[in-house]
Amino acid sequence: MADVNPNLANMPKDYLFVDIGKRVLANKEKTKKEPFKLGIGDTTLSLVPTVVEAIVEKVKAFGGEGYSGYADNSFGDPNLRQALSEYYAKKFGVSIKPSEVFVNDGAKPATAQLPFLLNTRAVAVEDPAYPAYISANMMMGRKIVYLPCTKENGYKPDFPKEKVDIIYICRPNNPIGVIGERDWLTYMVKRAIETGTLIIYDVAYMAFIRTPGAVRSIYEIEDAWRCAIEVGSYSKWAGFTGVRLGWVIVPEALVVEDTKPGELNNLWGKYLNVYSNGPSKIVEAGGMAVLTEQGQKECGELVSYYLDTSDYLTGELRDMDIPVVGGYDSPFMFADLSQIISPDSWESFQWFLDVCNGVATPGVGFGPSGAGWLRFSALGKRDDAVAAMAALRANLPRL
Ligand code: MLT
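Conventions adopted
Residues numbered from 1 in each chain as written. Predicted model: local features only at pLDDT ≥ 70, side-chain atom pairs only at ≥ 80, totals over all residues. Heavy atoms only, no water. Salt bridge = Lys/Arg side-chain N within 4 Å of Asp/Glu carboxyl O. Buried < 20%, exposed > 50% of the residue type's maximum accessible area, 1.4 Å probe, protein only. Helix = DSSP H or I, 4+ residues; strand = E, 2+ residues; numbered from the N terminus. Near = heavy atom within 4 Å. Polar contact = N/O pair within 3.5 Å; in protein donor to acceptor, adjacent residues only side chain to side chain. Nonpolar A, V, L, I, M, F, W, Y, C, P; charged D, E, K, R; others polar. Core = buried A, V, L, I, M, F, W, Y, C linked by side-chain atoms within 4.5 Å. Contact = heavy atoms within 4.5 Å. Pairing = 2+ DSSP bridges. Axes fitted to C-alpha atoms, helices over the stretch in contact; angles between N-to-C directions.

Moving on, we come to the pattern of salt bridges. Summed over the entire model, instances satisfying the criterion amount to 20 salt bridges. A salt bridge links glutamate 34 to lysine 37; the nearest nitrogen and oxygen atoms lie 3.2 Å apart. Since its relative accessible area comes to 45%, glutamate 34 is described here as partly exposed. Classification of lysine 37 as partly exposed rests on a relative accessible area of 46%. Here arginine 171 ties to glutamate 126 by a salt bridge, and the two come within 2.4 Å at their closest N and O atoms. With arginine 171 in the loop between strand S5 (166-170) and helix H7 (182-195) and glutamate 126 in strand S3 (residues 122-127), this pair connects stretches of sequence that are 45 residues apart.

In this section: the site of the ligand. Taken together, Phe17, Ile40, Gly41, Tyr130, Asn174, Tyr205, Lys236 and Arg375 are the residues near the ligand. The backbone of glycine 41 places a nitrogen or oxygen atom 2.6 Å from an oxygen atom of the ligand. For the ligand, an oxygen atom lies 2.5 Å from a polar atom in the side chain of lysine 236. For the shell around the ligand, a count of residues per class yields 4 nonpolar, 2 polar and 2 charged.

Attention now moves to the nonpolar core. Counting residues in each nonpolar core, the largest one holds 88 residues, and the members touching the most others are Tyr88 and Tyr234. Sorting elements by how many residues they give to this core places helix H4 (residues 78-92) first, with 6 residues. Residues in contact with tyrosine 88, not counting those within four places in the same chain, are Gly93, Val94, Ile96, Val203, Met206, Ser217, Glu230, Trp247 and Ile249. Membership of the second largest hydrophobic core comes to 31 residues, among which are Phe17, Ile20, Ile322 and Val359.

Here the focus is the sheet that holds strand S10 (residues 332-336). With antiparallel pairing, 4 strands are arranged side by side in an open sheet as S9-S10-S13-S12. Because the sheet does not close on itself, it has two edges, and the strands there are strand S9 (324-326) and strand S12 (361-362). Looking at chain direction, S10 and strand S13 (residues 373-377) are connected through 5 bridges and run antiparallel. Counterpart to phenylalanine 332 in the pairing with S13 is serine 377. Across the sheet, helix H11 (residues 345-356) lies against S12 and S13, angled at about 50 degrees from S13, the strand it touches most.

Written out as structure tokens, the structure reads:
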């Protein structure tokens, strides 16, 4: 008789953001008040005009002579793959062939599915890290090795001491909001090559980097082609959280153990052709528009708005003497409430919800090293940020 996959059955009841959503809804039913949302990193500004126009045009075409069905393969529109390769060349000075770019429906599915490329037994994650990396790999029965990012190591964990097949790195980091410093990334790339470890580098937040000269793409690091896959997303900088579009770069030079150059690129294509029929052509039209000069200008305004909110939030938290990390090159900031509210971040989460009517994300939901912290997101509405900070200021216990 068939039985269920124990790895799936033994997972926590709800994925982090679903769990939070349920708690917030229960609170709302009790208080009848709409909470101030600084929790999940969901964008709140509407799509920019250039993108709307491109999507509407595509829909109109689909409603007439311009209709088309399945693509030839599941790798994404060749024009968009070409445009992304040009974007990388122009923005980061790195040369990526269009054939190395695969377009999909976002960074979350890509980071969850990429371990399928290898005979993966163990994966390392920064601790704290985006929970999908951890949950997806746990579901497949893989061992999770946590690499603590702490104040003491400057939020730059050491390379894993034990053998892992994959290491996930997200910079600017979700949830801490710090960038990947060049020296540290150079070291991680060198060790990955020496040990035959694949780096999955998540750049979902790279458009928020303001620090001059900071590394945006892992391929700005020498030799990263040999060990890293980069995953990008349109979600945050173009407001595509509800639209869905992202990309995966699998360099031809990438090799692990006994593979030949080009083999992993080929295998990822093979996987996609079986598991997907590619991204929506309608959404891809929007993705092309984002990369135009006008699209870049308009999306740049979205990013500036969120960064202003981020500056406001970090400024307020610091002014209340709450230790804060991140928030400058990222829409996320991590605040240490362990001494002020509780060492248990779920307790701090509940206190913020009950007392301030605010929603933040408990740090421990991203990994054990997040215990005692709360993550605040600047992707919400400015009014919510202002109201939540006023409530926090009015209710914060005096030490
Ligand atoms: C987050 O809040 O960590 C992300 O926005 C969630 C996601 O991208 O799935």
